[in-house]
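Residue-level listing of the chains:
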Amino acid sequence: MINSRWTDGPLRVILVGAGHRTLRYAEFAQQSPDAMQVVGVVDPDPIRREHAAALFSLGPDQQWNQVEELPAEPAAHAAINGTMDALHVTTTKPLIDRGLDVLLEKPIALDAASLLDLQRYAVAAGRRVLICHVLRHAPFYRALRERVAAGEIGDVLTIQMSEQVAYDHMATAFVRGKWANSEQSGSSILLAKCCHDLDLMSWFMAPARPVRATSAGGLSHFRPENAPAGAGTRCLTDCAIERDCAYSARRIGITLDRWEFYLWESIEDQTLHPTREQKEASLSGDNPYGRCVWHSDNDVADHQTAVVEFDNGATASLTLTGTASRGSRTIHIVGTRGELQGTMEDNAFTVRTFDADPTVHHRVTEVTLETDTDFHGGGDLRLVADFVAVLRGEQPSLSTTELAASVDGHLAGFAAEQGRLDGRWVELADLRAAV
């Protein structure tokens, strides 16, 4: 059901969780004010909340600490929910109760029961929840999906995907950071980092659906016994090899100035633009991002391979490695009449097809797309444009990711992680039946 209060003008949205991802999506309102307008912000952190309010000229009556404080009938059509993983379901339900459609950051939920509960809740209320699977909107993956949908390589039999997580990204987000400890974050690395990839896998295989999954891997490298001689517990306080360590928090966060939206959250109550001195003081203190990568409380896998079987007998695999020099995603889709193979960061792929032509063994087409320096291969703002178009009543695009279309990829991830822990295949039907 389309929100009946939206008859004309821009889509009016409320930002929920004024962090990096939400503000990134909100840039669409700055670029296309005739299409979308930010009319409110919800965040318990006054620095973040006031920063968002300043960006979009929001008054005091357009700012709230919690979603429960929103009016029963807010002057908005939709919300962009970019809260942390564990808050997605509990913050989305009150938005639905207030008649808002929602663009929800992934992962949708931390377990199958919560995922399916939210789906039922949205359907019962007649509200639309679209998921931020931005890679569906990246030109690279969309071009691949168009060729699969057109039958260019026949029926898909196998998909091989890989995600190489750059060493500094792995160290920051998954060894020292928010997703370092699965008990605290509630997320496996498959859920936190690879639900994009598992969603793409299901998307490329459609209309086939995943039926069972498993995985293997674990935490091998970032362990105390692998710490080099001289390593301390914190980079800036007791490490004798900090200047020669690629994982140095000073090198990654200050010298190279990377991952700032993670590293300086602990001092954002002081300033959104910390000085070098403030950064060094923070890393020397209790900032978790100043910890040694070999002496942390991390327990997430630093390498893992998931295997998924679909209801038509096709299979797919996804390999994640957390010690790559450069972050990248690769994909190889093989069908009954050909194959597609490429790397997202290169924005190029190869098409190979065959037929009965007696003069040619197989045909090769190299496809190079226009380079896009936007985040997620150019998908971020295309995702928001699609959200606005869908709520306007336009036909959903090939890339549109309604909540219902995201369930299978998430369930495959839950099953694969449980399979790794139990050493077995896990049936997706069992996850559904247990709810």
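Residues numbered from 1 in each chain as written. Predicted model: local features only at pLDDT ≥ 70, side-chain atom pairs only at ≥ 80, totals over all residues. Heavy atoms only, no water.

### Quick notes on the packing of helix H9 (residues 195–205) against helix H15 (residues 403–422)
Reasoning step 1: Running from N to C, H9 and H15 cross one another at 120°; their axes reach a closest spacing of 8 Å. Judged on the interaxial angle alone, H15 and H9 are oblique. For the pair H9 and H15, the crossing hand works out as right-handed. Across from Cys195, Leu198, Asp199 and Ser202 in H9, the residues of H15 making contact are Ala405, Ser406, Asp408, Gly409, His410 and Gly413.
Reasoning step 2: Classifying every residue of the contact of H9 with H15 gives 3 nonpolar, 5 polar and 2 charged. (Axes fitted to C-alpha atoms, helices over the stretch in contact; angles between N-to-C directions. Helix = DSSP H or I, 4+ residues; strand = E, 2+ residues; numbered from the N terminus. Parallel < 35°, antiparallel > 145°, perpendicular 65-115°, else oblique. Left-handed = near helix turned anticlockwise from the far one by under 90°. Contact = heavy atoms within 4.5 Å. Nonpolar A, V, L, I, M, F, W, Y, C, P; charged D, E, K, R; others polar.)

### Some details on the packing of aromatic side chains
Between two aromatic rings, the relevant description is the distance of the centres plus the angle of the planes.
Reasoning step 1: Enumeration according to the criterion identifies 12 aromatic pairs in this entry.
Reasoning step 2: Consider the rings of Tyr247 and Trp294, whose centres lie 5.5 Å apart with planes at 90°: the pair is edge-to-face. Placement of Tyr247 in the loop between strand S8 (210–218) and helix H10 (249–255) and of Trp294 in the loop between helix H12 (276–284) and strand S9 (303–310) is noted, with a sequence separation of 47 residues between them. In this structure, Tyr247 and Trp294 share a single accessibility class: buried.
Reasoning step 3: Plain terms: the ring middles of Trp259 and Tyr262 are 6.2 Å apart, the flat faces sit at 25° to each other, and that makes the pair stacked.
Reasoning step 4: By relative accessible area, which is 12% here, Tyr262 ends up buried.
Reasoning step 5: Ring pairs connect the aromatic residues Phe140, Tyr141, Trp203, Phe204 and Phe349, which therefore count as one cluster.
Reasoning step 6: It is Lys93 that lies over the ring of Tyr121; its NZ or CZ is 4.9 Å from the centre.
Reasoning step 7: Directly above the ring of Trp425 sits Arg212, whose terminal nitrogen or CZ lies 4.1 Å from the centroid. (Phe/Tyr/Trp six-rings, centres within 6.5 Å; stacked < 30°, edge-to-face > 60°. Buried < 20%, exposed > 50% of the residue type's maximum accessible area, 1.4 Å probe, protein only. Lys NZ or Arg CZ within 6 Å of the ring centre and 35° of its normal.)

### Observations regarding the nonpolar core
Reasoning step 1: With 100 residues, the main nonpolar core has Ile14, Tyr141, Ile159, Phe204, Ile331, Ile333 and Phe349 as its most contacted residues.
Reasoning step 2: Once residues lying within four places of it in the same chain are set aside, the contact partners of Ile331 are Phe140, Tyr141, Leu144, Ile159, Gln160, Met161, Phe204, Leu340, Gln341 and Gly342.
Reasoning step 3: One finds Leu23, Ala29, Ala52 and Ala53 within the second-largest nonpolar core, a separate group that totals 30 residues. (Core = buried A, V, L, I, M, F, W, Y, C linked by side-chain atoms within 4.5 Å.)

### A few points about helix H5 (residues 139–149)
The α-helix advances 3.6 residues per turn, and as a result positions three or four apart in sequence lie on the same side.
Reasoning step 1: Those residues of H5 lying buried are Phe140, Tyr141, Ala143, Leu144, Arg145 and Val148.
Reasoning step 2: Contacts from the buried residues of H5 go to strand S7 (156–166), H9, strand S11 (328–335), strand S12 (338–343) and strand S13 (348–353).
Reasoning step 3: Trailing H5 by a residue or two, Gly151 shows a phi angle of about 80°, which is positive.

### Thoughts on the sheet that holds strand S14 (residues 363–368)
Reasoning step 1: The strand order across the open sheet built from 9 strands is S14-S13-S12-S11-S7-S10-S9-S8-S15, with neighbouring strands paired in mixed fashion. The open sheet terminates on both sides in strands that have one partner only, identified here as S14 and strand S15 (426–427).
Reasoning step 2: In the sheet, S8 pairs with S15 via 2 bridges, with the strands oriented antiparallel. Each bridged residue has a counterpart across the sheet, and for Ala213 the counterpart in S15 is Val426.
Reasoning step 3: Sheet contacts for H9: S7, S8, S9, strand S10 (315–324) and S11; angle to S7, the most-contacted strand, approximately 165°.
Reasoning step 4: Here H15 sits on the sheet and contacts S8, S9 and S15; the angle it forms with S8, its principal contact strand, is near 45°. (Pairing = 2+ DSSP bridges.)

### Overview of the sheet that holds strand S5 (residues 101–104)
Reasoning step 1: Spatial ordering of the open sheet is given by S3-S2-S1-S4-S5-S6, a layout of 6 strands whose pairing is parallel. For this open sheet the edge positions go to strand S3 (63–64) and strand S6 (129–131), each flanked by a neighbour on one side alone.
Reasoning step 2: Here strand S1 (residues 11–16) pairs with strand S2 (residues 36–42) via 6 bridges, running parallel. From the neighbouring strand, Leu11 faces S2, where its bridge partner is Met36.
Reasoning step 3: This element, helix H1 (residues 20–31), spans S1, S2 and strand S4 (78–81) of the sheet and lies at about 150° to S2.

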